[in-house]
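# Examining the three-dimensional arrangement
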Amino acid sequence: MFYKFHKLILAAAFSFSLFSSQAQGQQPDSAVIRNIYREALTQGKSYENLRYLCTQIGPRLSGSEGAAKAVTYTQKLMESYGFDRVYLQDVMVPHWVRGEKEKAFFKSSVGKQEVPICALGGSVGTGKKGIKAQVVEVQSFEELQQLGREKVQGKVVFFNRPMNPAYIEAFLAYRDAVNQRSSGAIEAAKLGAVGAIVRSMNLALDDFPHTGSTRYEEGVTKIPAAAISTNGAELLSRQLKAGPNLEFNFKMNPQTLPDAPSHNVIGEIKGSEHPEEIIVVGGHLDSWDLAQGAHDDGTGCMQAIEVLRLLKVLNIKPKRTIRAVMYMNEENGLRGGRKYAEVALANKENHIAALESDAGGFTPRGFSIDASPNKVADIAKWKELLVPYGLNNIAAGGGGADIGPLKNDKIALIGFRPDSQRYFEVHHAASDTFDRVNQRELELGGASMAALIYLIDKYGL
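Below: a short report on this structure.

Definitions and limits used
- Residues numbered from 1 in each chain as written.
- Predicted model: local features only at pLDDT ≥ 70, side-chain atom pairs only at ≥ 80, totals over all residues.
- Heavy atoms only, no water.
- Pairing = 2+ DSSP bridges.
- Helix = DSSP H or I, 4+ residues; strand = E, 2+ residues; numbered from the N terminus.
- Axes fitted to C-alpha atoms, helices over the stretch in contact; angles between N-to-C directions.
- Contact = heavy atoms within 4.5 Å.
- Parallel < 35°, antiparallel > 145°, perpendicular 65-115°, else oblique.
- Nonpolar A, V, L, I, M, F, W, Y, C, P; charged D, E, K, R; others polar.
- Buried < 20%, exposed > 50% of the residue type's maximum accessible area, 1.4 Å probe, protein only.
- Left-handed = near helix turned anticlockwise from the far one by under 90°.
- Arc of directions from axis to C-beta.
- Polar contact = N/O pair within 3.5 Å; in protein donor to acceptor, adjacent residues only side chain to side chain.

The next point concerns the sheet that holds strand 9 (residues 247–251). Spatial ordering of the open sheet is given by 3-2-9-5-6-7-8-4, a layout of eight strands whose pairing is mixed. The two strands at the open ends of the sheet, each matched to only one other strand, are strand 3 (111–114) and strand 4 (117–119). For this sheet, the mean inter-axis angle between neighbouring strands, taken without regard to orientation, is 30°. Alignment of strand 4 against strand 8 (residues 225–228), held across three bridges, turns out to be antiparallel. Following the sheet pairing, Ala-119 is matched in strand 8 by Ala-226. Along the sheet, helix 5 (residues 141–152) contacts strand 5 (131–138) and strand 6 (156–159); its crossing angle with strand 5, the most-contacted strand, is approximately 140°.

This is the structure:
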């Protein structure tokens, strides 16, 4: 009797499970998306996972101990969620270290004035004695060229072009100003300068210098390059107007060490119908060394992992293989993104879409799409389902640095686009800390990404 009763219970349980699975598959898309958001906002894990990454691990510059710890953490985290496969992908990365804290000052009519600076990523050092030289201020490479070697040789070039606040989209302001950071040292050195000081890429006025990569060119002398805080830039500019012969003193001792071994961290849920078709969602695990790397890009990594967790916990069984990729070395080399694309090509993998979150964990606004017009239109047709969640901006645009190497004429590269107004207050600065992330904004972002991945997986591209 007990045996028959036990069989009836098992049969009923199986029938209920089958019904639940079928019911999930038969739900209208709007209901599935609503469930995704409900789970993220009531049971979301991104925020607490980010707390650990930021406060227990912290800075994660490629080649550092923090980067290695982040690899281990995200691997174990994805394993704990029971994804079908979690694995590491080997990649060699640059290993640049900042050294002791940078110092800078100048003397004016009011005495010695210290200003906050930080070495730009990849910069050479000044040597133990530092550099002391007169300063020439410019706002563009064209203005620098007009000065000529006679007025630049032996001096420090101060690039002081602010990000243009007239842009509504802050990333456009960044785009128009960032060449002085990336190439300023090259252009200054061509005219005989001994150093380059660059106004921080920041729309706000504060005392945080913002780092970021600088480049050197073969055959051009490598000169030290540093960022100065926006308040420091304003002060230096005023004092130069009062005393054009002002001398700037700065000292920094970074080093570039041999390349170091590291990893991309990859978790996936295998597709049930078309496992050979792959959809990637990701962020970059490395960060600059000045802070915790919260918005850049801890938020993107935790959101990418959350996408897979949401699908799994809601029993949404994808037709296609969904991968969460934690890329290593976006900040100063893009080695992780290139390695992932290289392996994908060698394995003849068929990626139909890749979504990257690398614009901060702020309020979701939409997605930008780098793909053929037909694919852009295919994604834009889902706007009606996404607008209720604030995703109003879905249109052609950029994808993301890490997913860029995957580009071909078939794939859709998609950038998650949150509100951009506060991002450059913390970007590459010591202020990029966990306390600057809002829990609801972060979880909404993960849900938004999961909703789009769900639609791409269900209908294809």
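Bringing the packing of helix 3 (residues 46–57) against helix 14 (residues 439–459) into the picture now. Pairs of packed helices are described in terms of their axes, by the angle between the two and the distance that separates them. One can describe the packing of helix 3 onto helix 14 by two numbers: an axis separation of 9 Å at closest approach and a directional angle of 110°. One element, helix 3, and the other, helix 14, form an angle in the roughly perpendicular class. On helix 14, the residues that touch Ser-46, Tyr-47 and Leu-50 of helix 3 are Gln-439, Leu-442 and Glu-443. In terms of residue class, the contact of helix 3 with helix 14 is built from three nonpolar, two polar and one charged.

Now for unusual backbone geometry. Glycine aside, residues mostly have negative phi angles, and peptide bonds mostly take the trans form. Cis rather than trans, the peptide bond between Asp-296 and Asp-297 has omega equal to 0°. In this fold, Asp-297 is placed in helix 9 (residues 294–313). For Asn-315, which is not a glycine, the phi torsion comes out positive at approximately 60°. Note on placement: Asn-315 falls in the loop between helix 9 and strand 12 (320–327). Looking at Asn-315, the relative accessible area reads 31%, which means it is partly exposed.

Moving on to the packing of helix 5 against helix 7 (residues 179–190). Packing of helix 5 against helix 7 leaves a shortest axis separation of 10 Å and a crossing angle of 30°. The pairing of helix 5 with helix 7 is recorded here as roughly parallel in orientation. The crossing of helix 5 and helix 7 is right-handed. Within the contact between the two elements, helix 5 uses Phe-141, Leu-144, Gln-145, Arg-149 and Val-152 and helix 7 uses Asn-179, Gln-180, Ser-183, Gly-184, Glu-187, Ala-188 and Lys-190. Partitioned by chemical class, the residues of the contact of helix 5 with helix 7 number four nonpolar, five polar and three charged.

The next thing to look at is the pairing of strand 16 (residues 412–418). Burial runs high along strand 16: six of the seven residues are buried. In this sheet, strand 16 lies alongside strand 13 (residues 350–356) in parallel orientation, the contact comprising four bridges. Its bridge partner being in strand 16, Glu-356 is matched across the sheet by Gly-415. Here strand 14 (residues 364–370) runs beside strand 16; their pairing, made up of six bridges, is antiparallel. When the bridges of strand 16 are listed, Asp-370 appears paired with Leu-413.

Every buried residue belonging to helix 6 (residues 170–177) is among Ala-170, Ala-173, Tyr-174 and Ala-177, and all of these are buried. Seen from one end, helix 6 has its buried residues packed into an arc of 100°, which puts them on one side. Contacts made by the buried residues of helix 6 are with helix 7 and helix 13 (423–426). Sitting at the amino-terminal end of helix 6 is Glu-169, which places a side-chain oxygen 3.0 Å from the backbone nitrogen of Phe-171.

On to the environment of Arg-181, then. Among the secondary structure elements, Arg-181 is positioned in helix 7. A C-alpha to C-alpha distance of 14 Å links Arg-181 and Leu-144, two positions 37 residues apart in sequence. Other than its neighbours up to four places away in sequence, Arg-181 contacts Leu-120, Tyr-174, Val-198, Met-201, Thr-211, Gly-212, Ser-213, Thr-214 and His-428. For Arg-181, the side chain forms a polar contact with the main-chain oxygen of Ser-213, separated by 3.4 Å.

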